[in-house]
Amino acid sequence: MTTDVERFEFTGGDGQTLSARLHLPAVDPIACAVFAHCFTCSKDSRAARYISSALAEKGIATLRFDFTGLGESEGDFDGTTFSHNVNDIVAAANALREAYQAPALLIGHSLGGSAGQIPEAVGVATIGAPFEPKHVARLFDASLEEIEANGQADVDLGGRQFTIRKSFLEDLQKHCNAEQIGSMKKALVVFHSPQDNVVGIDNARMIYKAARHPKSFISLDGADHLLGRPSDSRYVADVLAAWASRYLPEQPAEEVPEDTPEGEVVVEGKTSGFLQRIQARHLTFAADEPLDKGGTDVAPNPYELLLAGLGACTSMTLKMYAGRKEWPLEAVRVTLRHDRVHAKDCEDCDKDDGMIDVIDKKLELEGDLSEEQRERLLNIAQRCPVHRTLLNEIKIRSELA
């Protein structure tokens, strides 16, 4: 399933404009989710991006946003408390409710305080979340005396300076506790890595113990705290989507489109962006444009697909030819680049004025091949069907269906 990413803004709990990204499935979403990033992180963290994108591929529209004063959002982080974060999550849920539908899932850290204020939410997922306020406070150990004495202190967190006020630590006590977790009345799944050296695995045990059923625990063995590997975030999304399906309304079976005939391709796209859904036989994939061209950068652009077709055809042709000759060709790598140049700058072109399209094709051949064999394969590379099609006269007929 292809996905789309929209820029999204909404008014936070304190009136500031908060910046967000909304990952949308290519079809109508089966549910919505809000992803709340970790303490002092941003909506653009790897985990936020990967999980939101993977959930959208599963049909769950997912909103990731920057809390007040962080990332691209307005406001002053120094003046916020944990209650502000809770209010921002509730504001995000309200914005989703107005634009699409209320979130059925909340994903992130320490969400107990906000879950109870979103009646439509049926499930909560915590990822590497702390159980006790003292764990968060431990990040400021060296500055606790200064915070107590002066009411605030500048603290280095991940290489960035933040002003932490005493009111933040006091407010934290109200939200991170067993009573908040036990009163959520939502299904809970706890994701945590035994190797998490930022928030120890014992926090997961205490969260699980404090929660009431239905509750689940998923071990993220080998993952780091921020889920830096794409595979870890995708695993969380896959398991989370399967877990959430237990609590989401049952969906009608998706109608499987009929296979297109070989040699026929169907391309469909909405007018809201450049993302295209492509079907070839029983296969489905996508095309898009980069962000600086107005796209969402989730798939190759049309020229990249054209180059991919030529490169794939070249590689297949070389492998077939070498196989028939029983030559020791072990692997083929084809690197292609498209450009438009002035004809007068092209020494080996027939045309001498205007612009022409140039495709550069670089071959890397692995195997114990002689120089004569390599030269012959270079010559064969220019005879692949797609290469010959591009050099032949092409007529393209367009009509309305």
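(A) Seen up close, the overall build of the protein. Of regular secondary structure, the protein possesses 12 helices and 15 strands. Across the 401 residues in the protein, those meeting the buried criterion constitute 44%. Here the protein has roughly 22,500 Å² of accessible surface; of this, 48% comes from carbon and sulfur atoms.

(B) Structural detail: the packing of aromatic side chains. Considering all chains together, one arrives at 5 aromatic pairs under this definition. Here the aromatic rings of Phe-10 and Phe-65 are separated by 5.5 Å at their centres, their planes lie at 75°, and the arrangement is edge-to-face. Of this pair, Phe-10 sits in strand β1 (residues 3-11) while Phe-65 sits in strand β4 (residues 60-65), and the two are 55 residues apart along the sequence. One aromatic cluster is present, built from ring pairs that chain together Phe-8, Phe-10, Phe-65 and Phe-67.

(C) Inspection of the nonpolar core at higher detail. Judged by nonpolar contacts, the single largest core of 36 residues is most densely connected at Phe-10, Leu-63 and Phe-65. Among the elements of the structure, β1, β2 (17-25), β3 (31-36), β4, α2 (82-99), β9 (187-192) and α8 (202-210) are those that each provide at least two residues to this core. Beyond its immediate chain neighbours, meaning those up to four positions away, Phe-10 contacts Gln-16, Thr-17, Leu-18, Ala-20, Leu-63, Phe-65, Asp-88, Ala-91, Ala-92 and Ala-95. Membership of the second largest hydrophobic core comes to 28 residues, among which are Ala-48, Ile-127, Ile-218 and Leu-248.

(D) Seen up close, the packing of helix α10 (residues 302-325) against helix α11 (residues 371-380). Relative orientation of the contacting elements α10 and α11 amounts to 135°, with a least axis distance of 10 Å. Relative to α11, the element α10 is oriented oblique. For α10 against α11, the interelement crossing comes out right-handed. In contact with Thr-317, Leu-318 and Tyr-321 of α10, α11 contributes Arg-376, Leu-377 and Ile-380. Each residue belonging to the contact of α10 with α11 can be placed in one class, and the counts come to 4 nonpolar, 1 polar and 1 charged.

(E) Looking closely at the sheet that holds strand β11 (residues 265-269). With antiparallel pairing, the 3 strands of this open sheet are ordered in space as β11-β12-β13. Edge strands, defined here as strands with exactly one partner in the open sheet, are β11 and β13 (283-287). With direction set aside, neighbouring strand axes in the sheet form an average angle of 25°. Both β11 and strand β12 (residues 276-280) contribute to a ladder of 5 bridges, which runs antiparallel. Bridge pairing links Val-266 to Gln-279 in β12.

(F) Helix α1 (residues 46-57), seen in detail. With 12 residues, α1 extends 17 Å from end C-alpha to end C-alpha; this agrees with the ideal 16 Å at 1.5 Å per step. All buried positions along α1 are accounted for by Ala-47, Ala-48, Ile-51, Ser-52, Ser-53, Ala-54, Leu-55 and Ala-56. Backbone geometry just downstream of α1 places Gly-59 in the positive-phi region, at approximately 95°.

(G) Looking closely at the pairing of strand β6 (residues 123-127). Burial within β6 is extensive, with 5 of its 5 residues counted as buried. Residues Gly-123, Ala-125 and Ile-127 line one face of β6 and the alternating positions Val-124 and Thr-126 line the opposite face, and both faces are buried. Bridging between strand β5 (residues 105-108) and β6 involves 4 bridges; their strand directions are parallel. Its bridge partner lying in β6, Leu-106 is registered against Val-124. Pairing analysis gives 5 bridges linking β6 to β9, with the strands arranged parallel.

(H) Representation of the pairing of β12 in the model. Looking at chain direction, β12 and β13 are connected through 5 bridges and run antiparallel. In the strand pairing of β13, Ile-278 is matched with Phe-285. The hairpin formed by β12 and β13 contains 2 residues between the paired strands, and Arg-281 there has a positive phi angle of roughly 55°.

Calculation criteria
- Residues numbered from 1 in each chain as written.
- Predicted model: local features only at pLDDT ≥ 70, side-chain atom pairs only at ≥ 80, totals over all residues.
- Heavy atoms only, no water.
- Helix = DSSP H or I, 4+ residues; strand = E, 2+ residues; numbered from the N terminus.
- Buried < 20%, exposed > 50% of the residue type's maximum accessible area, 1.4 Å probe, protein only.
- Areas by Shrake-Rupley, 256 points an atom, 1.4 Å probe, with all protein chains shown as cover.
- Phe/Tyr/Trp six-rings, centres within 6.5 Å; stacked < 30°, edge-to-face > 60°.
- Core = buried A, V, L, I, M, F, W, Y, C linked by side-chain atoms within 4.5 Å.
- Contact = heavy atoms within 4.5 Å.
- Axes fitted to C-alpha atoms, helices over the stretch in contact; angles between N-to-C directions.
- Parallel < 35°, antiparallel > 145°, perpendicular 65-115°, else oblique.
- Left-handed = near helix turned anticlockwise from the far one by under 90°.
- Nonpolar A, V, L, I, M, F, W, Y, C, P; charged D, E, K, R; others polar.
- Pairing = 2+ DSSP bridges.
- Expected span 1.5 Å × (residues − 1).

Geometry only, nothing functional implied.
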